[in-house]
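# Descriptive structure summary
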Amino acid sequence: QVQLAESGGGLVQAGGSLRLSCGASGRQFSIATMGWYRQAPGKQRDLVANITRGGSTNYADSVKGRFTISRDNAKNTVYLQMDSLKPEDTAVYYCNAWAFTGIMLSPREYWGQGSQVTVSS
């Protein structure tokens, strides 16, 4: 099993910055893709960005040029640097990972608890 723990959320003024971190822990695991999703009240959960073990990235159009995803494979940690934040970025942000555990041939999906990000105008 893999556990994901997020940190770095909070309240920030429009135009400000935050950095989210998510660390994976467990026994006998190897993570393939890691990423971030977000969900605002009354909205569906949407992909913000993800990154492969080799460093290939993908971003939602709404955050391109403002957010940067990165990872430290040695620490099993993914980061999301959020700059030029807007009120519409307000949401609960969820860490996501696909990981191999034990003798499993295919990866399984894991989710963090979620971290609130609030951007005031």
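For the structure, see preceding data.
First things first, this report covers the structure right here in the doc. (Residues numbered from 1 in each chain as written. Predicted model: local features only at pLDDT ≥ 70, side-chain atom pairs only at ≥ 80, totals over all residues. Heavy atoms only, no water.)

### Details of the sheet that holds strand β8 (residues 77–82)
- Reading across from one edge, β1-β3-β8-β7 is the order of the 4 strands in this open sheet, with antiparallel pairing throughout. Edge positions in the open sheet fall to β1 (2–7) and β7 (67–72), since each of these has one partner strand only. Each strand of the sheet is rotated relative to its neighbour by a mean of 15°, with strand direction disregarded.
- In this sheet, β8 lies alongside β7 in antiparallel orientation, the contact comprising 6 bridges. Opposite aspartate 72, over in β8, you have threonine 77 as the bridge partner. (Pairing = 2+ DSSP bridges. Helix = DSSP H or I, 4+ residues; strand = E, 2+ residues; numbered from the N terminus. Axes fitted to C-alpha atoms, helices over the stretch in contact; angles between N-to-C directions.)

### What to know about the pairing of β8
- Of all 6 residues in β8, 5 are buried; the element is thus mostly enclosed.
- As judged from the 6 bridges shared by strand β3 (residues 18–26) and β8, these two strands associate in the antiparallel manner. If you follow glycine 23 over to β8, its bridge partner there is threonine 77. (Buried < 20%, exposed > 50% of the residue type's maximum accessible area, 1.4 Å probe, protein only.)

### Focus on the environment of aspartate 46
- Position of aspartate 46 among the secondary structure elements: in strand β5 (residues 46–51).
- By relative accessible area, which is 36% here, aspartate 46 ends up partly exposed.
- One polar contact links aspartate 46 to glutamine 44, side chain to side chain, over a distance of 2.7 Å. (Polar contact = N/O pair within 3.5 Å; in protein donor to acceptor, adjacent residues only side chain to side chain.)

### Observations concerning the state of the cysteines
- On inspection of all chains with the given rule, the structure shows 1 disulfide.
- Put simply, cysteine 22 and cysteine 95 are joined by a disulfide, and their sulfur atoms are 2.0 Å apart. On the sign convention where negative is left-handed, the bridge of cysteine 22 and cysteine 95, at about -85° about the S-S bond, is left-handed. Remark: cysteine 95 occurs in strand β9 (residues 91–101) and cysteine 22 occurs in strand β3; sequence separation between them is 73 residues. The burial state of cysteine 22 is the same as that of cysteine 95; both residues are buried. (Disulfide = S-S within 2.5 Å.)

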